[in-house]
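# Chain and residue survey
These are the residues of each chain, in order.
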Amino acid sequence: MSEGIVYADVKFKKHQQAEGKDGATTSTVNDATYSEISIPKAGRNQTSTDTNDISNLQTKNTELQILQAAYNRNLTSALMIKKSELQELQVKNKDLQEKERAVRQQNEELRKQRTPPSCPTNTGNNDCSQPMNCAEGWEYYGGKCYYFSPDKLTWAQSRDECITRGGHLVIIGSLEEQKFLDQKIGTKIRTVPEDKFWIGLTDSINENEWLWVDNSSLSTSFWLGDREPDDWNGENPDGEDCARMGEPGGTNDGKSWLDVNCNKTQRRICETKSPL
Ligand SMILES: [Ca+2]
Ligand SMILES: [Ca+2]
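Residues numbered from 1 in each chain as written. Chains lettered and ligands numbered in written order. Predicted model: local features only at pLDDT ≥ 70, side-chain atom pairs only at ≥ 80, totals over all residues. Heavy atoms only, no water.

### Topic: the pattern of salt bridges
Keep this limit in mind: Throughout this description, the term salt bridge denotes a Lys or Arg side-chain nitrogen within 4 Å of a carboxyl oxygen of Asp or Glu. For every residue, the accessible area obtained with a 1.4 Å probe (protein chains only) is divided by the maximum for its type, and the residue is called buried under 20%, exposed over 50%, and partly exposed between those limits.
All told, the structure shown has 14 salt bridges when counted by the stated rule. Among the salt bridges present, the one from aspartate 195 reaches arginine 190, with a minimum N-O distance of 3.8 Å. Its relative accessible area of 1% is what places aspartate 195 among the buried residues. Assessed through its relative accessible area of 41%, arginine 190 is described here as partly exposed. Each member of the salt-bridge network shares a partner with another, and the members are Asp151, Glu161, Arg165 and Arg268.

Below you can see the structure in the form of structure tokens.
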């Protein structure tokens with residue numbers, strides 16, 4: 001700070017007074033007081049430098065404020081974008097949770113359909129093959145109840161009779177279901193000719209376009225041998241438009257379907273969903 005010091009030399013003369021005729025006191029020339037103030041050039045230059053520094057600082061401060069304002073605007077904009085993204089993620093997360101809940105509920109329904117209910121403890125039924133929730137005369141498997149008739153009817157009569165019982169002619173949707181039925185009726189078939197069971201499959205509307213009784217298409221088939229279905233017309237000029245199944249003792253591969261004359265009388269397999 002030495003460069004900023006202002007030097008001043010001040011000189012004083014002794015104060016002199018003279019008494020006038022009227023007794024008034026007046027100052028003489030000699031009582032003038034003067035001073036000499038010396039301000040070095042360097043000091044004036046320093047003041048100018050300080051002024052420039054202050055101006056520069058003010059400029060810098062203004063620039064800093066502008067930058068700060070711009071930074072604040074950018075930060076606010078970025079925060080708004082992040083907030084919007086967060087809201088979108090929250091909506092997606094909620095949707096996923098709802099879908100997960102729906103899938104879990106659907107899986108639980110499927111599990112109930114596939115798993116037999118617990119065996120009643122007071123019936124002595126330990127194999128759960130016939131839970132109490134299948135009507136009397138029906139047999140449980142895979143969430144469904146099956147009725148294997150002892151009597152014989154035509155295919156159309158069988159279709160209608162199953163509906164009267166509260167079900168429908170069986171629709172077979174898997175190898176597992178086919179093997180169960182194949183083995184089950186294998187124990188029921190008597191060793192007499194034509195003791196077979198109707199299933200809910202026909203091509204009576206369009207030849208060789210096989211449909212189930214719910215009008216769904218045939219996707220997995222279990223025809224016997226290489227020649228079936230052959231639509232043989234030796235018995236009926238209309239050919240063979242209805243499917244039956246069954247062999248005594250069952251088959252090894254489950255392939256036991258034949259197309260036959262719909263007017264024949266056969267036993268039948270009715271099916272209904274197991275009430276829970
Ligand atoms: Ca046919
Ligand atoms: Ca045939």
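### A closer look at a nonpolar patch on the surface
Convention followed: Residues qualify for a patch when their relative accessible area is over 30% and they have no salt bridge, like charges being joined within 9 Å and the nonpolar side chains of Val, Leu, Ile, Met, Phe, Trp and Tyr within 5 Å. Note on areas: Shrake-Rupley with a 1.4 Å probe; residue coverage comes only from the protein chains shown. In DSSP terms, a helix is any run of H or I states spanning at least four residues, a strand is any run of E spanning at least two, and both are numbered starting from the N terminus.
Judged by side-chain polarity, Tyr71, Leu75 and Leu79 come together as a nonpolar surface patch covering roughly 320 Å² of accessible area. For leucine 79, the location among the structural elements is in helix H1 (residues 41–114).

### Brief notes about helix H3 (residues 175–186)
Put simply, the rule reads: To estimate how far a helix should extend, the number of its residues minus one is multiplied by 1.5 Å. Note on contacts: a residue pair qualifies if any of its non-hydrogen atoms lie within 4.5 Å across the two residues.
Taking 1.5 Å of rise per residue, 12 residues should cover 16 Å, and H3 covers 16 Å from first to last C-alpha, within 8% of that figure. Those residues of H3 that fall on the buried side of the exposure criterion are Glu177, Gln178, Phe180, Leu181, Asp182, Ile185 and Gly186. Contact partners of the buried residues in H3: strand S5 (139–141), strand S6 (144–148), strand S8 (197–202), strand S10 (242–245), strand S11 (257–260) and strand S12 (267–273).

### Remarks on the coordination of the calcium ion (ligand 1)
Rule in force here: Each metal site is built from N, O and S donor atoms within 2.8 Å (3.2 Å for Na, K and Ca), and since water is not included, such sites may look incomplete.
Every protein donor of the calcium ion (ligand 1) is accounted for by Asp203 (OD), Asp203 (OD), Glu207 (OE), Glu207 (OE), Asp231 (OD), Glu240 (O) and Asp241 (OD), and the metal-donor separations fall at 2.2 to 2.9 Å. Summarised as a motif, the one-chain spacing of the donors to the calcium ion (ligand 1) is D-x3-E-x23-D-x8-E-D. One end of the pair, glutamate 207, is in the loop between S8 and strand S9 (211–212); the other, aspartate 231, is in the loop between S9 and S10, with 24 residues separating them in the sequence. Residue classification places aspartate 231 among the partly exposed residues on the basis of a relative accessible area of 23%.

### Some remarks on the side chain of glutamate 271
To keep things clear, this is the line we draw: The term polar contact refers here to a pair of N or O atoms within 3.5 Å; inside protein, the definition further demands a hydrogen-donor-capable atom paired with an acceptor-capable atom, and it admits residues adjacent in sequence only when both atoms are side-chain atoms.
Positionally, glutamate 271 belongs in strand S12. For glutamate 271, a relative accessible area of 3% corresponds to the buried category. Looking at glutamate 271, its side chain comes within polar contact range of the side chain of lysine 144, at 3.0 Å. At a separation of 2.8 Å, a polar atom in the side chain of glutamate 271 contacts the main-chain amide nitrogen of isoleucine 171. When sequence neighbours within four positions are dropped, the list of residues in contact with glutamate 271 reads Trp138, Lys144, Cys145, Tyr146, Gly167, His168, Val170, Ile171 and Glu177.

### Side note on unusual backbone geometry
Most peptide bonds take the trans configuration, and most residues that are not glycine carry a negative phi. Glutamate 228 connects to proline 229 through a cis peptide bond whose omega is -5°. Here proline 229 is to be found in the loop between S9 and S10. The phi dihedral of asparagine 208 is positive, around 70°, even though this residue is not glycine. The residue asparagine 208 is located in the loop between S8 and S9 in this model. Residue asparagine 215 is not a glycine yet carries a positive backbone phi of 70°. Relative to the helices and strands, asparagine 215 is located in the loop between S9 and S10. Accessibility expressed as a relative area gives 60% for asparagine 215, which makes it exposed.

### Points about the coordination of the calcium ion (ligand 2)
At 2.0 to 2.5 Å from the calcium ion (ligand 2) lie its protein donor atoms, namely Glu228 (OE), Asp230 (OD), Glu240 (OE), Asp259 (O) and Asp259 (OD). Within one chain, the residues serving as donors to the calcium ion (ligand 2) are arranged as E-x1-D-x9-E-x18-D. Here glutamate 240 is found in the loop between S9 and S10, whereas its partner aspartate 259 is found in strand S11, with 19 residues between them in sequence. Considered together, glutamate 240 and aspartate 259 belong to a single accessibility category, that of buried residues.

### Observations regarding the pairing of S10
Remember that side chains alternate between the two faces of the sheet whenever the strand is regular. Inclusion rule: A pair of strands is treated as paired once DSSP finds two or more bridges between them.
Every second residue of S10 is oriented toward a common face, with Cys242 and Arg244 on one face and Ala243 and Met245 on the other, all of them buried. Where S8 meets S10, three bridges bridge the pair, whose relative direction is antiparallel. Its bridge partner lying in S10, tryptophan 198 is registered against arginine 244.

### What about the confidence of the model for the protein?
Rules: Confidence of the prediction at every residue is given by pLDDT, a number between 0 and 100.
In the predicted model, the protein carries a mean pLDDT of 82, and 74% of its residues have values of at least 70. For residues 117–127, every residue scores under 50 in pLDDT, and the model assigns this stretch 12 contacts once sequence neighbours within four places are set aside.

### Quick look at the packing of aromatic side chains
Applied cut-off: Stacked, edge-to-face and tilted are the three classes for Phe, Tyr and Trp ring pairs, Trp counted by its six-membered ring, which pair at centre distances within 6.5 Å; planes under 30 degrees apart are stacked, over 60 edge-to-face, the rest tilted. Note on criteria: charge over ring means Lys NZ or Arg CZ within 6 Å of the ring centre, with the direction from the centre no more than 35 degrees off the ring normal.
With the rule as written, the count across this model stands at nine aromatic pairs. Both rings, one in tyrosine 146 and one in phenylalanine 180, keep their centres 5.6 Å apart while their planes meet at 50°; by these two values the pair is tilted. Placement of the pair is tyrosine 146 in strand S6 and phenylalanine 180 in helix H3, with a sequence separation of 34 residues. Of the two residues, tyrosine 146 and phenylalanine 180, neither departs from the other in class, the shared state being buried. Seen in terms of ring centroids, tryptophan 212 and tryptophan 257 are 5.9 Å apart; in terms of plane orientation they differ by 85°. Their pairing is edge-to-face. With a gap of 45 residues between them, tryptophan 212 in strand S9 and tryptophan 257 in strand S11 connect regions that are remote in the sequence. On the basis of relative accessibility, which here comes to 4%, the residue tryptophan 212 falls in the buried class. Among the aromatic residues, ring-to-ring pairing joins Tyr141, Tyr146, Phe148, Phe180 and Phe197 into one connected group. Looking at arginine 165, its charged tip hangs above the ring of tyrosine 147, at a distance of 3.7 Å from the centre.

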